[in-house]
Amino acid sequence: EEAKRGIVEKSRLLAAASHDLRQPLHAVQLFMSVFKDAVTEAERARVFERIEVSVNSLTRLFDSILDMSRLDADAVKPEWSHFDVSALIEDLKDEFSVMAEEKGLSLRAHAGTLIVKSDRELLERVLRNLISNAIRYTDTGGVLISARRRGHRVLLQVWDTGIGVAPEDKKKIYTEFQQLHTVRDDRVQGFGLGLALVRRFCQLLGYTMTLESTPLRGSVFALSVDEGDIGMMAQEIPVQQAVRWDLTGRCILVIDDEPQILDAMYTILSRWGCEVVTADSLEHAFEQLDRRHAIPEMVLSDMRLRDSKTGIEAIDGIRERYGAQIPGALITGESEASRIALSEQSGYEVLQKPVQPAHIRTTIFRHLTAL
């Protein structure tokens, strides 16, 4: 019975995800047709902006689905640290200020200097989802982010004056792909995964999320976190004022069995001045490197290669032949729990598809300058 329920649940998630993926993908196809026939630069710029919005929507959905898969694979482990949560709240307030202003809403933060012990990235993801939802479902009034000490804990709250949640719907809002309301602006339309991820992240961190809400008057989401120790805060590392992102002449090996991906990676890396070697397998990589008398300085490999081979095996093979110090990174679109776990446990950095070019460049630069 449990297995049957699992199959039914996965089928429901797949159906819901497929539906939500079709919306921005359909928009991209339509706008691409318009873009091809555009006559003026102004028209191309306008259409390109709409294509970018749709692509960003696809990216957000893929990222959320991947987060759910990584949680299912037990591949997300909290990294506890002590930090000033008020600084985090101020950063999020600045990030969402434009979104609030566009709707004519006030966005305020009320938090003195408070040190907490938590996973900063995961806590930031929780608060970002709560703030985004609060703004999305509020048409008049505003949103307040607050932090206050409660004994040896810190209470974090996100208040809004939005549409609220009926008592009978409070449990539904944490269900994947469940949306009780829709919003008029497609640009901020969610996919019903935000609060499901919030619930999962809170469970991982050992937090209990509470909700107080009155329909048509507003809601307040709250969670309590451990107070931290200011003496154990990590020292801030000064940001270098002048970073040279020069990758000219650096030999990068890309392994992927998709010709289009190899073509795109070759084009991007070449623009950055890299010496690029592309291959569709480990054996092909050996051939290409020997033909060019080249030794790779870094390897970027897809996780899933042909003939059931993995990117882990490919990078291991390159390191065994050319030197164990050669850094490698796996680029993967895996959603299967066991494959995600395998990638995370490999010891190599994992980049989840779709990957922004800036992220690829940062990864290469970081590994090469660390040598």
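Computed from a predicted structure; not experimentally measured.

Moving on, we get to the overall build of the chain. A count of helical and extended segments in the chain gives ten helices and twelve strands. Residues counted as buried form 46% of the 371 residues belonging to the chain.

All right, on to the sheet that holds strand β8 (residues 251-255) then. Reading across from one edge, β9-β8-β10-β11-β12 is the order of the five strands in this open sheet, with parallel pairing throughout. The outermost strands of the open sheet, each flanked by one partner alone, are β9 (275-279) and β12 (349-352). Sheet twist, expressed as the average angle between the axes of neighbouring strands with direction ignored, equals 20 degrees. In terms of strand pairing, strand β10 (residues 298-302) meets strand β11 (residues 328-332) through four bridges, oriented parallel. Each bridged residue has a counterpart across the sheet, and for S301 the counterpart in β11 is L330. Against the sheet, helix α10 (residues 357-369) touches β8, β10, β11 and β12, its axis set at about 140 degrees to β10.

Let us now look at helix α4 (residues 120-136). Its 17 residues place the ends of α4 24 Å apart at the C-alpha level, agreeing with the 24 Å of an ideal helix rising 1.5 Å per residue. Of all 17 residues in α4, 13 are buried; the element is thus mostly enclosed. If you check the start of α4, you find a side-chain oxygen 3.0 Å away from the backbone N of E121, and it comes from D119.

So, on to the nonpolar core. One finds L123, L130, I135, L156 and L223 to be the most contacted residues of the largest nonpolar core, which totals 43 residues. Counting only elements with at least two residues in this core, the list comes to α2 (41-72), α3 (85-102), α4, β4 (142-150), β5 (153-160), α5 (194-205) and β7 (218-227). For this core, the leading source of residues is α4, giving eight residues. Non-local contacts of I135, meaning those with residues more than four positions away in its chain, are made with F96, M99, A100, K103, L105, L107 and V143. Of all hydrophobic cores here, the second largest spans 21 residues; its members include I255, A285, A314 and L330.

Moving on: the pattern of salt bridges. Side chains that carry opposite charge are capable of pairing whenever their charged atoms lie near each other. Evaluation of the coordinates by the stated rule reveals 13 salt bridges. A salt bridge links E124 to R128, with the shortest nitrogen-to-oxygen separation between them at 2.7 Å. Of this pair, E124 and R128 both sit in helix α4, separated by four residues, roughly a single helical turn. A salt bridge links K353 to D302, with the shortest nitrogen-to-oxygen separation between them at 3.2 Å. Of this pair, K353 sits in the loop between β12 and α10 while D302 sits in strand β10, and the two are 51 residues apart along the sequence. The class of D302 is buried, set by a relative accessible area of 9%.

The final tally for this structure, using the stated rule, is zero disulfides. You can see C251 has no disulfide; the closest cysteine sulfur is in C274, sitting 9.1 Å from it.

What follows covers the packing of aromatic side chains. The way to describe two aromatic rings as a pair is by their centre distance and the angle between their planes. Scanning all chains against the criterion turns up one aromatic pair. Relative to Y322, the ring of F286 has its centre 6.3 Å away and its plane inclined at 50 degrees; by these criteria the two rings are tilted. In this pair, F286 is assigned in helix α7 (residues 282-292) and Y322 in helix α8 (residues 311-322), connecting sequence segments 36 residues apart. Of the residues examined, F286 reaches a relative accessible area of 18% and is grouped as buried. A residue is classified by how much of its surface remains accessible, and Y322, at 17% relative accessible area, is buried. One residue, R120, lies across the ring of F83, its end atom 5.7 Å from the ring centre.

Moving on to the pairing of β9. Within β9, four of the five residues are buried, which leaves it mostly tucked inside the rest of the structure. Relative to β9, β8 runs parallel, the two being bridged by five bridges. What sits directly across from I255, in β9, is A279. Tracing the backbone out of β8, into helix α6 (residues 259-271) and back to the parallel element β9 gives a crossover that is right-handed.

Moving on, we come to the environment of I230. As for its placement among the helices and strands, I230 is situated in the loop between β7 and β8. As for I230 and D84, which are separated by 146 residues in sequence, their C-alpha atoms are 8.3 Å apart.

With that settled, consider unusual backbone geometry. The phi dihedral of L216 is positive, around 70 degrees, even though this residue is not glycine. Secondary-structure assignment places L216 in the loop between β6 (210-214) and β7. You will see that H293, though not glycine, has its phi angle at about 50 degrees, which is positive. By secondary structure assignment, the location of H293 is in the loop between α7 and β10. Its relative accessible area of 74% is what places H293 among the exposed residues.

For α6, which comprises 13 residues, the first-to-last C-alpha distance of 18 Å matches the rise-based estimate of 18 Å (1.5 Å per residue) to within 8%. All buried positions along α6 are accounted for by L262, M265 and L269. Looking straight down α6, one finds that the buried residues subtend no more than 70 degrees of arc, so they occupy a single side. Across from the buried face of α6, at angles greater than 90 degrees, the exposed residues are P259, Q260, D263 and R271. Close packing links the buried residues of α6 with β8, β9, β10, β11 and α10. Once α6 finishes, G273 follows within two positions and takes phi at roughly 90 degrees, a positive value.

Definitions and limits used
- Residues numbered from 1 in each chain as written.
- Predicted model: local features only at pLDDT ≥ 70, side-chain atom pairs only at ≥ 80, totals over all residues.
- Heavy atoms only, no water.
- Helix = DSSP H or I, 4+ residues; strand = E, 2+ residues; numbered from the N terminus.
- Buried < 20%, exposed > 50% of the residue type's maximum accessible area, 1.4 Å probe, protein only.
- Pairing = 2+ DSSP bridges.
- Axes fitted to C-alpha atoms, helices over the stretch in contact; angles between N-to-C directions.
- Contact = heavy atoms within 4.5 Å.
- Expected span 1.5 Å × (residues − 1).
- Polar contact = N/O pair within 3.5 Å; in protein donor to acceptor, adjacent residues only side chain to side chain.
- Core = buried A, V, L, I, M, F, W, Y, C linked by side-chain atoms within 4.5 Å.
- Salt bridge = Lys/Arg side-chain N within 4 Å of Asp/Glu carboxyl O.
- Disulfide = S-S within 2.5 Å.
- Phe/Tyr/Trp six-rings, centres within 6.5 Å; stacked < 30°, edge-to-face > 60°.
- Lys NZ or Arg CZ within 6 Å of the ring centre and 35° of its normal.
- Right-handed = clockwise from strand over helix to strand, strands pointing away.
- Arc of directions from axis to C-beta.

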